[in-house]
Amino acid sequence: MAYVLVLNSGSSSVKFQLVDPAGEATDAPLVSGLVEQVGEPMGAVSVTVGGQEHREELEIPTHSFGLERAFAIMGEHNVGPTDVEVIAVGHRVVHGGKLFSEPQLIVDEIESMIEDLIPLAPLHNPANLDGIRVARAMLPDIPHVAVFDTAFFNHIPPAAALYAINSEVASQYDVRRYGFHGTSHEFVSQQVPKLLDKDPATVNQITLHLGNGASAAAIRHGRPIDTSMGLTPLAGLAMGTRCGDIDPGIIFHLVRQAGMSIDEIDNLLNKQSGVKGIAGVNDFRLLRQRIEEQDQDAWLAYNIYIHQLRRFIGSYMIALGRVDAITFTAGVGENDTEVRQDALYNLDMYGIHFDKEANLVRSKEPRMISTADSPVKVFVVPTNEELAIAQKSAAVAAQARAEGLY
Ligand code: AMP
């Protein structure tokens, strides 16, 4: 069988999976693993093969050292990159700016274009690039492919993509809405027409990716027309640790009145805000526990989260005009029955007939949680960004081989 090695490199970690691109969304990957705490006094490499985890704790000075250890552990279990057929390495790249609306075969020129985009994603793109450089050096004979989190939203209409700020400044500094989680919104939204048994070119839908990060997208006839994240993944819905939409004046207020630096505010809004900033926890399982224990902060955080979610659903219903489906995905969206129910509570007059019993069914399969005659259908569709990256990478690699490049 042919596999794609999917890599998601962060500043101090690398997540990886060996995925069968022809597999079903519900298949477990052959191998999954994580290199963590790169550059810290103590790190860890864990590799899960066939449901069994193999973990080593050791100092990991560099990404390449960590990946080499991971490949060695995979080799000990006969699933290393030289033991199985790896047809492509797919790299998740957070920011593709205006440049990329499609996945790209990584050649030196593409690497430097990703580098040029660092000012737009100073936390993410450098780490993604590190992963690309290390993996290309380690596996030079396999096509490497960059799959961008922004690509799906590359062509949203100008009225949604552009901010109402001075256009000279905006264009000089590339200030516009790029959107993120695109691979997930695309993957999930492509399943919905099949569930509706309709031609994708006729379907209008809202997708809600509710994980630790969260975003909403409005999609008309297969093409996104708006999304909640912006220049950065900080905008839109209230999230696990990010604030989502706030009055930009808050930043000036904090600079002037609290004497905070830009980096302090960046950290505050990205890491110490959202549900965590109010309730002290960002995992919705803990949040639910606290709500059950009558914790007022947890209740408030939850209400802010739901209020913000309903605002986006409402605005996207108007933006789309007619909506065939609303779909929940990612950690919270796939698992938290109450979030789904509260997000769509009492919206029958808008054609959303929520089915409370269907909502309680637990499953790894796509499923409908509205009544069968609901004008707007509601679905839960598990996302699988790694499978989507593997499929895109396999296609680009096949093209590269057909062109004789590999
Ligand atoms: P993701 O970013 O998609 O991996 O989602 C991670 C988040 O999903 C966690 O921080 C939790 O808040 C949430 N989550 C995962 N499992 C559950 C569950 N069983 N019930 C509620 N929330 C969950």
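Residues numbered from 1 in each chain as written. Predicted model: local features only at pLDDT ≥ 70, side-chain atom pairs only at ≥ 80, totals over all residues. Heavy atoms only, no water.

Chemist: An account of the overall build of the protein chain is needed here, citing residue identities and associated values.
Modeler: Helices and strands together make up the secondary structure of the protein chain, namely 15 helices and 14 strands. For the protein chain, the C-alpha radius of gyration of 21 Å lies close to 22 Å, the compact-globule estimate for 406 residues. By principal-axis analysis of the C-alpha atoms, the protein chain measures approximately 60 × 55 × 50 Å. Every one of the 406 residues in the protein chain was classed for burial, and the buried ones make up 51%. Expressed as a percentage of contacts within the protein chain between residues at least 6 apart in sequence, the contacts between residues at least 24 apart total 62%. Looking at the protein chain as shown, the accessible area adds up to about 19,000 Å², and 51% of this sits on carbon and sulfur atoms. (Helix = DSSP H or I, 4+ residues; strand = E, 2+ residues; numbered from the N terminus. Rg over C-alpha atoms; globule rule 2.2 N^0.38 Å. Buried < 20%, exposed > 50% of the residue type's maximum accessible area, 1.4 Å probe, protein only. Contact = heavy atoms within 4.5 Å. Areas by Shrake-Rupley, 256 points an atom, 1.4 Å probe, with all protein chains shown as cover.)

Chemist: Report on the UniProt feature "binding site: Mg(2+)" (unreviewed entry) in the protein chain, specifying residues and quantitative values.
Modeler: Those residues carrying the UniProt feature "binding site: Mg(2+)" (unreviewed entry) are Asn8 and Glu385 in this numbering. These annotated residues cover 378 residues of sequence, and their C-alpha atoms lie no more than 10.5 Å from one another, placing them together at a single site. Relative to the elements of secondary structure, Asn8 occurs in strand β1 (residues 2-9). Setting aside anything within four residues of it in sequence, one finds Asn8 in contact with Ser13, Val14, Lys15 and Arg92. On the accessibility criterion, Glu385 (17% relative accessible area) is buried. Those residues in contact with Glu385, other than ones at most four positions away along the chain, are Arg92, Asp149, Thr183, Ser184 and His209. (UniProt positions renumbered as here; feature names shortened; annotations may be inferred.)

Chemist: How would you summarise the packing of aromatic side chains if you had to cite specific residues and measurements?
Modeler: Per the counting criterion, the structure on display carries five aromatic pairs. Summarising the aromatic geometry, the rings of Phe100 and Phe148 are spaced 4.3 Å apart at their centres and angled 5 degrees between planes, so their arrangement reads as stacked. With Phe100 in the loop between β6 (85-93) and β7 (104-105) and Phe148 in strand β8 (residues 144-148), the pair connects residues that are 48 residues apart, well separated along the chain. Residue Phe100 shares its accessibility class with Phe148, and that shared class is buried. For the cation-ring pair, Arg288 lies above Tyr302, with the distance from its terminal atom to the ring centre recorded as 4.6 Å. (Phe/Tyr/Trp six-rings, centres within 6.5 Å; stacked < 30°, edge-to-face > 60°. Lys NZ or Arg CZ within 6 Å of the ring centre and 35° of its normal.)

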